[in-house]
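Remarks on the overall topology
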Amino acid sequence: MELTILNTAGEDTGRKIELQDSVFGIEPNEHAIYLDVKQFLANQRQGTHKSKERADISGSTAKIKKQKGTGTARAGSIKSPLFRGGGRCFGPRPRNYSFKLNRKLKQLARKSALSVKAKNNALVVVEDFNFEAVKTKLFVDLQNNLKVADKKVLLVLNEENKNIYLSSRNLKNVEVVRVSDLATYDIMKASTLLFVESSVNGLNEMFKLN
C-alpha cells in the first residue's frame, strides 16, 4: 500500500511512502481491539469508590429492643442495613480495575486498528515539519490545508515536539502523540490519522519490521 506524501500546504510533494501490509493490511481482529480498548479504559479508573457498611457507621452497639414480645422482627443493631441511616449492604469498595493483556495481543490490536483506518481511507501522510512558535493558528491553518478541520485528528509524531503539541492543545478535536505512545483507543477514537513521514518509519521499528 502506497500513500502520497503531502506538504504542510496540502500539496503533493511528488513522493510516495510504502505502508507495510503486515501493519496496515491485515484482517482486523475485532475482539483484540475490544480487549485493548477495554484495558485502556479500565486503567483510567481510579477505583476509589467506597460506601459505609455497618462496621463503618457511627452508632450505638446496644440491642435496640428486647428479643421477644414486641410483635415485630427481632433486631440487634441500629446500624443494620435494614434501618434508615444504617450501613449499606454489599456496597462498593476500593479496587483496582486494571488487568493484564499479552504483548502480542496488544500488538495485534494496534495493527488491526491501523488496518481498519487504512481500509476506510482515513490515513494522511505529511512531510516532517516544525512550528517556529507556539501558535494555535498555525495548527488550524495546517488542518485547513490538509482538509481535516472538521474531523477528529490524531497526529502521530516520531519524537516529541513541544511547539506542535502546545499549538494543538487548545483544539478539542486534535490529539498529538508520539509513535511509541500510540494506543488502540486513540486510533479508533480518531476519524483521521495524520502521520508525519518519519513516524511511519518509527512505526516499522516499533513492530520490528526492519
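Residues numbered from 1 in each chain as written. Predicted model: local features only at pLDDT ≥ 70, side-chain atom pairs only at ≥ 80, totals over all residues. Heavy atoms only, no water.

As recorded in an unreviewed UniProt entry, the protein goes by the name Large ribosomal subunit protein uL4, listed as coming from Paralabilibaculum antarcticum. Among the UniProt annotations of the protein, the heading Sequence similarities (unreviewed entry) holds the following wording: "Belongs to the universal ribosomal protein uL4 family." In its Subunit (unreviewed entry) section, the UniProt record describing the protein reads: "Part of the 50S ribosomal subunit." (UniProt positions renumbered as here; feature names shortened; annotations may be inferred.)

Check the secondary structure of the protein and you find seven helices and six strands. When the helices and strands of the protein are placed in sequence order, the string is β-β-α-α-α-β-α-β-α-β-α-β-α. Taking 210 residues into account, the globule formula puts the C-alpha radius of gyration at 17 Å, and the protein, at 27 Å, lies well above it. In the protein, buried positions account for 39% of the 210 residues. At a minimum sequence separation of 6, the contacts of the protein that also span at least 24 residues come to 71%. (Helix = DSSP H or I, 4+ residues; strand = E, 2+ residues; numbered from the N terminus. Rg over C-alpha atoms; globule rule 2.2 N^0.38 Å. Buried < 20%, exposed > 50% of the residue type's maximum accessible area, 1.4 Å probe, protein only. Contact = heavy atoms within 4.5 Å.)

Among the secondary structure elements, aspartate 36 is positioned in helix α2 (residues 30-44). The contact partners of aspartate 36, leaving out residues within four places of it in the chain, are Leu101, Lys106, Ala109 and Thr184.

Turning to the pairing of strand β1 (residues 2-6), a few remarks are in order. The sheet contact formed by β1 and strand β2 (residues 12-18) spans four bridges and is antiparallel. Bridge assignment links threonine 4 to a residue of β2, and that residue is lysine 16. In this structure, the hairpin formed by β1 and β2 is closed by a connection of five residues, where glycine 10 is found at a positive phi of approximately 85 degrees. Pairing geometry for β1 and strand β3 (residues 123-126), over two bridges, is parallel. (Pairing = 2+ DSSP bridges.)

This paragraph deals with the pairing of strand β6 (residues 192-196). Sheet faces and side chains relate simply in a regular strand, where the side chains alternate between the two faces. Burial within β6 is extensive, with five of its five residues counted as buried. The alternating pattern of β6 places Thr192, Leu194 and Val196 on one face and Leu193 and Phe195 on the opposite face, and all of these are buried. Note that β3 and β6 share four bridges and pair parallel. Along β6, the bridge assignment pairs valine 126 with valine 196. Pairing of strand β4 (residues 153-157) with β6, which is carried by four bridges, proceeds in the parallel orientation. Among the inter-strand pairings, valine 153 is bridged to a residue of β6, identified as threonine 192.

Once that is clear, we can look at the sheet that holds β4. Spatial strand order, β2-β1-β3-β6-β4-β5: six strands in an open sheet with mixed pairing. What marks the edges here is a single partner per strand, and that holds for β2 and β5 (174-178). For this sheet, the mean inter-axis angle between neighbouring strands, taken without regard to orientation, is 30 degrees. Lying on the sheet, helix α4 (residues 136-146) is in contact with β1, β4, β5 and β6; it crosses β5 at an angle near 95 degrees. (Axes fitted to C-alpha atoms, helices over the stretch in contact; angles between N-to-C directions.)

Spanning 15 residues, α2 covers 21 Å between terminal C-alpha atoms, matching the ideal 21 Å at 1.5 Å per step. Looking only at α2, the buried set comprises Ala32, Ile33, Leu35, Asp36, Val37, Gln39 and Ala42. Tucked into the core, α2 has its buried residues touching α3 (103-119) and α6 (184-189). Of the residues that open α2, the one with a side-chain oxygen 3.2 Å from the backbone nitrogen of histidine 31 is asparagine 29. (Expected span 1.5 Å × (residues − 1). Polar contact = N/O pair within 3.5 Å; in protein donor to acceptor, adjacent residues only side chain to side chain.)

Across all of its chains, the model carries four aromatic pairs by this definition. An angle of 80 degrees between the planes, with centres 6.1 Å apart, marks the rings of phenylalanine 24 and phenylalanine 195 as edge-to-face. Here phenylalanine 24 is found in helix α1 (residues 21-24), whereas its partner phenylalanine 195 is found in strand β6, with 171 residues between them in sequence. No difference in accessibility class separates phenylalanine 24 from phenylalanine 195, as the two residues are buried. A centroid spacing of 5.5 Å and a plane angle of 50 degrees characterise the contact between phenylalanine 129 and phenylalanine 131, whose relative ring orientation is tilted. Since its relative accessible area comes to 14%, phenylalanine 129 is described here as buried. The exposure class assigned to phenylalanine 131 is buried, which follows from its relative accessible area of 9%. Three or more aromatic residues joined by ring pairs make a cluster, and in this case those are Phe129, Phe131 and Phe139. The ring of tyrosine 97 has arginine 45 lying over it, and the distance from NZ or CZ to the ring centre is 3.7 Å. The ring centre of tyrosine 97 lies 3.9 Å from the NZ or CZ of arginine 95, which sits over that ring. (Phe/Tyr/Trp six-rings, centres within 6.5 Å; stacked < 30°, edge-to-face > 60°. Lys NZ or Arg CZ within 6 Å of the ring centre and 35° of its normal.)

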